[in-house]
Amino acid sequence: HRHRAAPQVLDELERLTHSGRVRVVAGTLFAASLSEGSVEARYRARGDTEVSTLSVAHVVNCTGAEADIRRMDDPLWTKLLSDAFVEPHESGLGVAVDGSLRVI
C-alpha cells in the first residue's frame, strides 16, 4: 500500500516496478543479514506458510516507523527525553524544533 506519496515518487516507483528493478513484497521479515555486498532477507510473504530467502540490494521498511518519541522502545530516545535534551513535537510526530529546524 502507498500512502500520501508525491506524484513524482509514485511515478518513479511504478517505473522501477514495471522494469523489474523493484519488487514489492508484503509479509513478515524475520531476518536480514549482509552477505557479499547484498542483503539476505528471510521473510514470509503475506498468505504464504513457508519462509523464503531473497538476496537483495536494498530493503525498505514500509511499516511506518514509530514517530512519537515518547512511545519508542529505544534507550537513546528514552535518555534524551529523561534528561530533557529533546522534547516531543506537540503533534506527537518527532522532536520539537524551532523555525530554523533546530532542536528545542
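Conventions used here
- Residues numbered from 1 in each chain as written.
- Predicted model: local features only at pLDDT ≥ 70, side-chain atom pairs only at ≥ 80, totals over all residues.
- Heavy atoms only, no water.
- Helix = DSSP H or I, 4+ residues; strand = E, 2+ residues; numbered from the N terminus.
- Rg over C-alpha atoms; globule rule 2.2 N^0.38 Å.
- Buried < 20%, exposed > 50% of the residue type's maximum accessible area, 1.4 Å probe, protein only.
- Contact = heavy atoms within 4.5 Å.
- Areas by Shrake-Rupley, 256 points an atom, 1.4 Å probe, with all protein chains shown as cover.
- Pairing = 2+ DSSP bridges.
- Axes fitted to C-alpha atoms, helices over the stretch in contact; angles between N-to-C directions.
- Polar contact = N/O pair within 3.5 Å; in protein donor to acceptor, adjacent residues only side chain to side chain.
- Expected span 1.5 Å × (residues − 1).
- Salt bridge = Lys/Arg side-chain N within 4 Å of Asp/Glu carboxyl O.

Engineer: Please explain the overall build of the protein as it appears in this structure.
Structural biologist: Helix and strand content of the protein: 2 helices and 3 strands. The order of helices and strands in the protein, counted from the N terminus, is α-β-β-β-α. Taken over C-alpha atoms, the radius of gyration comes to 18 Å for the protein, far larger than the 13 Å a tight globule of 104 residues would show. Its C-alpha atoms give the protein principal-axis dimensions of roughly 45 × 30 × 30 Å. The buried share of the protein, reckoned over its 104 residues, is 12%. Here the contacts in the protein between residues at least 6 apart in sequence split such that 8% fall between residues at least 24 apart. On the protein, roughly 8700 Å² of surface is accessible, and the fraction owed to carbon and sulfur atoms is 53%.

Engineer: Mind showing me how you'd approach the environment of Thr53 here?
Structural biologist: On the secondary structure map, Thr53 appears in strand β3 (residues 52-56). Note: C-alpha distance between Thr53 and Glu87 (34 residues apart in sequence) is 41 Å. Leaving out residues up to four positions away in the same chain, Thr53 has contacts with Glu40, Ala41, Arg42 and Tyr43.

Engineer: Mind showing me how you'd approach the sheet that holds β3 here?
Structural biologist: Two strands in a sheet stick together by hydrogen bonds in their backbones, pointing the same way (parallel) or opposite ways (antiparallel). In spatial order, the strands read β1-β2-β3; together these 3 strands make up an open sheet with antiparallel pairing. At either end of the open sheet lies a strand with only one pairing partner, and these are β1 (27-35) and β3. Strand-to-strand twist of the sheet, defined as the mean angle between neighbouring strand axes without regard to direction, takes the value 25°. Here β1 pairs with strand β2 (residues 38-45) via 8 bridges, running antiparallel. Bridging from a neighbouring strand, Leu34 pairs with Val39 of β2.

Engineer: Looking at this structure, how should I read the environment of Pro88?
Structural biologist: Of note, Pro88 is situated in the segment after α2 (75-82). With 35 residues separating them in the primary sequence, Pro88 and Thr53 have C-alpha atoms 38 Å apart. Leaving out residues up to four positions away in the same chain, Pro88 has contacts with Ile69, Arg70, Leu81, Gly94, Val95 and Ala96.

Engineer: Hey, could you run me through the side chain of Ser38 in this one?
Structural biologist: Residue placement: Ser38 occurs in strand β2. There is a polar contact of 3.1 Å between the side chain of Ser38 and the side chain of Ser55. When near neighbours in sequence (up to four residues on either side) are disregarded, Ser38 contacts Ser33, Ser55 and Val56.

Engineer: Could you clarify how one ought to interpret helix α1 (residues 7-19) in this entry?
Structural biologist: Every α-helix carries 3.6 residues per turn, so stepping three or four residues along brings you back to the same face. Taking 1.5 Å as the rise per residue, α1 with 13 residues should run 18 Å; its terminal C-alpha atoms sit 18 Å apart, in good agreement. One or two steps after α1, the chain reaches Gly20, where phi turns positive at roughly 90°.

Engineer: Got a minute to help me understand the pattern of salt bridges in this structure?
Structural biologist: Where charged atoms of side chains with opposite charge meet at close range, the side chains can pair. In total, this model carries 4 salt bridges according to the counting rule given. A salt bridge links Asp83 to Lys79; the nearest nitrogen and oxygen atoms lie 3.0 Å apart. Taking relative accessible area as the criterion, Asp83 reaches 33% and is therefore assigned partly exposed.

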